[in-house]
Every structure is written in C-alpha cells, then in structure tokens.
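Chain residues, written in single-letter form:
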Amino acid sequence: MAADAQEHENQDVVALILKDHRTMEELFRRMRSVEADRAGALAKLSALLVAHGEAEEAEVYGALKRFKDVDNAEVEHGAEEHAEGNEALLALLEVSEVGSDAWDARLEDLVKAVNHHFDEEERTILNGARENVPDERRAELGAAFLRERERRLAADCGSVENVRALVRG
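Keep in mind that this is a model prediction, so the values were computed, not measured. (Residues numbered from 1 in each chain as written. Predicted model: local features only at pLDDT ≥ 70, side-chain atom pairs only at ≥ 80, totals over all residues. Heavy atoms only, no water.)

Asks: Just checking my understanding: could you explain the overall build of the protein for this structure?
Replies: Regarding its fold elements, the protein presents 7 helices and 0 strands. Ordering the α and β elements of the protein from the N terminus gives α-α-α-α-α-α-α. Here the protein has a C-alpha radius of gyration of 16 Å; the compact-globule value for 169 residues is 15 Å, and the two agree. Taken along the three principal axes of its C-alpha coordinates, the protein extends 50 × 35 × 25 Å. Taken across its 169 residues, the protein has 42% of its residues classed as buried. (Helix = DSSP H or I, 4+ residues; strand = E, 2+ residues; numbered from the N terminus. Rg over C-alpha atoms; globule rule 2.2 N^0.38 Å. Buried < 20%, exposed > 50% of the residue type's maximum accessible area, 1.4 Å probe, protein only.)

See below:
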C-alpha cells in the first residue's frame, strides 16, 4: 500500500469512529466488572464519550449531510442521541457510590442509550459515509475529528461539571 493510501486508511473517519465505539464498549465491560477499577473506567468513558460526540457534531455530521445518500434525518437523530447519552452519563456521574444498586442501574441505562446510538449510527450514517464519501474526504474528516476530539479531551470534557453544563445547556 502506498504511503498516501496508508495515511488515508489511518485517518478514515469511519474507521476512527468505529475504533472509539469498540473502546467504549470495552470500558462498559470494565465498568460492569467487580474486579476492575470501575471508577477509573467511568472517568475514561466519560471523557471519550463526550469528546467523541462533540467532535462528531463539530466536524463530521455537518459535512456528511452534504453527501447524496447519507441520510440527513439520521445525522440529526445522531445528535439527539448524543444528548440522550450525555443525560444518562450525567445521571451515572452523579451517583456517589460506585457499584451501588443505583450506580449499576444508571450504568445499564447509559449502556442501553449508547449502544442503541452506536447500532443506529453504524448501520445508517457510517455505512452511508463509507459507500458515498470519497476516501480522501473521509481522511480529511478523520483528521478534523481527531483534532477536535483531542482538543476536547485536553479540556477535561468528561468532568461532571462539563457534562452537567452540556446537559443543562
């Protein structure tokens, strides 16, 4: 594979988003495990979930809406689902005792909301992007997504205060 093609492959926005989804699913598994550092996994998940969603909305969703055969209604619905995920995340972050019955219940609410979003986004938006957006444009979007995601992570976007501000507008 040529260096240019390799670079596009490494920056493909679809591949980057899918990689984040798999990382978050692994963090959910750790948060469910009594042997794991559940609070640490929650902190990592909170930061990644917020940075990921904010970067998608800032750099990816608007660009994808311009392409024929990428479902605009699904793109808008994806943003609504980010808000629902942030609400479920805040509810979990506000539980004081990790592993309590309330914490476990709110974790399951979060997992359900986020996995529903991943499933829909992967089937509709990302498949549409993979099929209809040229490789070079997906690489440009991937680079923009990563820059924005890293900027958000550096700003402690997963803190309870920031999530609260996102949810309450």
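Asks: What should I look at first to understand the pattern of salt bridges in this one?
Replies: When charged atoms on two side chains of opposite charge get close, those side chains can pair. Inspection of the entire model under this criterion finds 17 salt bridges. Note that D12 is salt-bridged to R138, the shortest N-O span being 2.9 Å. Taken together, the residues span a long stretch of sequence, with D12 in the loop between α1 (3–11) and α2 (13–32) and R138 in helix α6 (residues 135–154) at a distance of 126 residues. In this structure, D12 and R138 share a single accessibility class: buried. Across the salt bridge formed by R29 and E26, the nearest N and O atoms sit 3.0 Å from each other. Remark: E26 and R29 occur in helix α2; sequence separation between them is 3 residues, near one turn of the helix. The exposure class assigned to R29 is partly exposed, which follows from its relative accessible area of 47%. Residue E26 is classed as partly exposed on the basis of its relative accessible area, which comes to 35%. Salt bridges linked by common partners bring E54, E148, R151 and R152 together as one network. (Salt bridge = Lys/Arg side-chain N within 4 Å of Asp/Glu carboxyl O.)

Asks: So what exactly am I meant to see when it comes to the packing of helix α3 (residues 38–64) against α6 here?
Replies: What describes two packed helices is the angle between their axes and the distance between those same axes. Running from N to C, α3 and α6 point in directions that differ by 145°, and their axes come no closer than 8 Å. Between α3 and α6 the crossing geometry is right-handed. Across the interface between the two elements, A47, L48, A51, H52, E54, A55, E56, A58, E59, V60, A63 and L64 of α3 pack against R137, L141, A144, F145, E148, R149, R152 and L153 of α6. Residue composition of the contact of α3 with α6, grouped by class: 12 nonpolar, 1 polar and 7 charged. (Axes fitted to C-alpha atoms, helices over the stretch in contact; angles between N-to-C directions. Left-handed = near helix turned anticlockwise from the far one by under 90°. Contact = heavy atoms within 4.5 Å. Nonpolar A, V, L, I, M, F, W, Y, C, P; charged D, E, K, R; others polar.)

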